[in-house]
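# Observations on the model geometry
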Amino acid sequence: MDHDQKFSMSELRVDGEMTIYRATEVAQTLFDAVRAQTGDVGLDMSDVTEFDTAGLQLVLMARRMVEASGNRLEVVQPSECVLEVLKLCNVALNNSEAQAAS
């Protein structure tokens, strides 16, 4: 199995704070971007500086939206704060992260 091979995955980038304080603003932008995609989505979170459970809820909702159309959403390059919350909540949002956690 070749993990480097991606089939028509669109990449979206999220940066800055993904916290309760910006949830409404981030949700609107993220969900509009997700709705505009037609295939699998790679969500680049390498520049996220703060991340809490509100941010996690937004990512999970975005994933549900993508999966409803028969595609998948994968978090790529999560920043350290994103990884901390994902590990704390025991949530894997991509294959490499799930392997790193084990």
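Read on for a plain summary of the structure. Every value quoted in this text rests on a predicted model; they were computed, and no experiment measured them.

### Notes on the sheet that holds strand 3 (residues 73-76)
Read across the sheet, 3 strands follow the order 1-2-3 without closing on themselves; strand pairing throughout is parallel. Strands at the two margins of the open sheet, each flanked by one partner only, are strand 1 (10-18) and strand 3. If you compare each strand with its neighbour and ignore which way they point, the axes differ by 30° on average. Against the sheet, helix 2 (residues 53-68) contacts strand 1, strand 2 (41-51) and strand 3, and its axis sits at roughly 170° relative to strand 2.

### Side note on the nonpolar core
Counting 27 residues, the largest nonpolar core has Met-18, Met-45, Phe-51 and Val-59 as the members making the most contacts within it. At 6 residues, the largest contribution of residues to this core is made by helix 1 (residues 23-35).

### Focus on the environment of Ser-10
Here Ser-10 is to be found in strand 1. Excluding its chain neighbours within four sequence positions, the residues that come into contact with Ser-10 are Gln-37, Asp-40, Val-41 and Gly-42. Among the polar contacts made by the side chain of Ser-10, one reaches the side chain of Gln-37 at a distance of 2.9 Å.

### Comments concerning the pattern of salt bridges
The full count for this structure, using the stated rule, is 6 salt bridges. Salt bridges sharing partners connect three or more residues here, namely Arg-13, Asp-44 and Asp-47.

Quick notes on the rules
Residues numbered from 1 in each chain as written. Predicted model: local features only at pLDDT ≥ 70, side-chain atom pairs only at ≥ 80, totals over all residues. Heavy atoms only, no water. Pairing = 2+ DSSP bridges. Helix = DSSP H or I, 4+ residues; strand = E, 2+ residues; numbered from the N terminus. Axes fitted to C-alpha atoms, helices over the stretch in contact; angles between N-to-C directions. Contact = heavy atoms within 4.5 Å. Core = buried A, V, L, I, M, F, W, Y, C linked by side-chain atoms within 4.5 Å. Buried < 20%, exposed > 50% of the residue type's maximum accessible area, 1.4 Å probe, protein only. Polar contact = N/O pair within 3.5 Å; in protein donor to acceptor, adjacent residues only side chain to side chain. Salt bridge = Lys/Arg side-chain N within 4 Å of Asp/Glu carboxyl O.

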